[in-house]
Amino acid sequence: MMKFITYIHVYLIQTLLNALPFLWIDVFYDNQTYIGNQLHHPIYLFLWACSSAVGFYYYSKKIWEKYDISYNKKNHALICLGMILSCSIPYNDITLFKDLHVWLSILFVAAFIVEWFLYIPIALNKNSTLFFINIGLSFLFTFMFGHITGFCEIYFSFTTNILLHHWMLQD
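Since this is a predicted model, take the numbers as computed values, not measurements.

### Looking at the pattern of salt bridges
- Going through the model one piece at a time under the given rule, you end up with two salt bridges.
- Residues Glu 65 and Lys 61 are paired through a salt bridge, measuring 3.7 Å at the closest nitrogen-oxygen approach. Here Glu 65 pairs with Lys 61, and both are found in helix α4 (residues 42–66), just four residues apart, close to one helical turn.
- Of the residues examined, Lys 61 reaches a relative accessible area of 19% and is grouped as buried.

### Focus: the packing of aromatic side chains
- Evaluation of the coordinates by the stated rule reveals 21 aromatic pairs.
- Measuring from centroid to centroid gives 6.0 Å for Tyr 7 and Tyr 11, while their planes differ by 25 degrees, and the two rings are stacked. Linking Tyr 7 with Tyr 11, this pair stays in helix α1 (residues 2–19), spanning four residues, or about one helical turn.
- According to the relative accessible area criterion, Tyr 11 is partly exposed, its value standing at 43%.
- Ring centres of Phe 56 and Phe 156 lie 5.5 Å apart, and the angle between their planes is 70 degrees; this geometry places the pair in the edge-to-face category. Taken together, the residues Phe 56 in helix α4 and Phe 156 in helix α8 (residues 150–169) connect sequence positions 100 residues apart.
- Look at Phe 156 and you get buried, because its relative accessible area is 9%.
- An aromatic cluster is present here, built from Trp 64, Tyr 67, Tyr 71, Trp 116, Phe 117, Tyr 119, Phe 131, Phe 132 and Trp 167 joined pairwise through their rings.

### Details of a nonpolar patch on the surface
- On the surface, a nonpolar cluster with roughly 710 Å² of combined accessible area is contributed by Met 1, Met 2, Phe 4, Ile 5, Ile 8, Leu 12 and Ile 13.
- A relative accessible area of 76% means that Met 1 is categorised as exposed.

Conventions adopted
Each chain carries its own residue numbering, running from 1 in the written order of its sequence. The predicted origin of the model limits local features to residues at a pLDDT of at least 70 and limits the giving and counting of side-chain atom pairs to 80 or more, whereas totals for whole chains, interfaces and linings rest on all residues. Computation of side-chain values: all heavy atoms of the structure, hydrogens and water removed. Within this document, salt bridges are pairs made up of a side-chain nitrogen of Lys or Arg and a carboxyl oxygen of Asp or Glu, the two lying within 4 Å of each other. Secondary structure counts use DSSP, requiring at least four H or I residues in a row for a helix and at least two E residues in a row for a strand, with both numbered from the N terminus. Residue burial is assigned from relative accessible area. The probe radius is 1.4 Å, only protein chains are included, and a residue is buried under 20% of its type maximum, exposed over 50%, and partly exposed in between. Centres within 6.5 Å make a pair out of two Phe, Tyr or Trp rings, where for Trp the six-membered ring is used; the pair is then stacked when the planes are under 30 degrees apart, edge-to-face when over 60, and tilted otherwise. To count toward a patch, a residue needs a relative accessible area above 30% and no salt bridge. Like charges then connect within 9 Å, nonpolar side chains (Val, Leu, Ile, Met, Phe, Trp, Tyr) within 5 Å. Accessible surface is estimated by sampling points in the Shrake-Rupley manner with a 1.4 Å probe; for residues, cover comes only from the protein chains shown.

Written out as structure tokens, the structure reads:
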């Protein structure tokens, strides 16, 4: 049953949540927080953040358990919760903290990536190589567009969840 739910999460929910921005914004310029704050779709932004972070949390956890890798469960949970928190902070043009959501998002995504570098199975295999290539492409897109765009966020969320899901289900 849980396997079926993960397929629904990755291939239906993630697809839908990551496709919607293409209807609302120029994903190569604006970002997800623009949808939540300027276009007044905070529920969408929260659902997108939750879906992405839950996938990152659950699939990573299952992979590390499958390889019998000891990881810090509290840190992993806090990192994934931090991703949701960062998307829940509204942009405020007036205060000193107007870009707090951006810096927190960068911090928690970077922590997630570092976490993977710490806990990745020692022997590089096809899945870990694809994971590192995916991270590299995510950075490339960010530098290519000059800032974190909706496309960068969508790409990282969608492809990372698909890769981790696929890796989790492999024997």
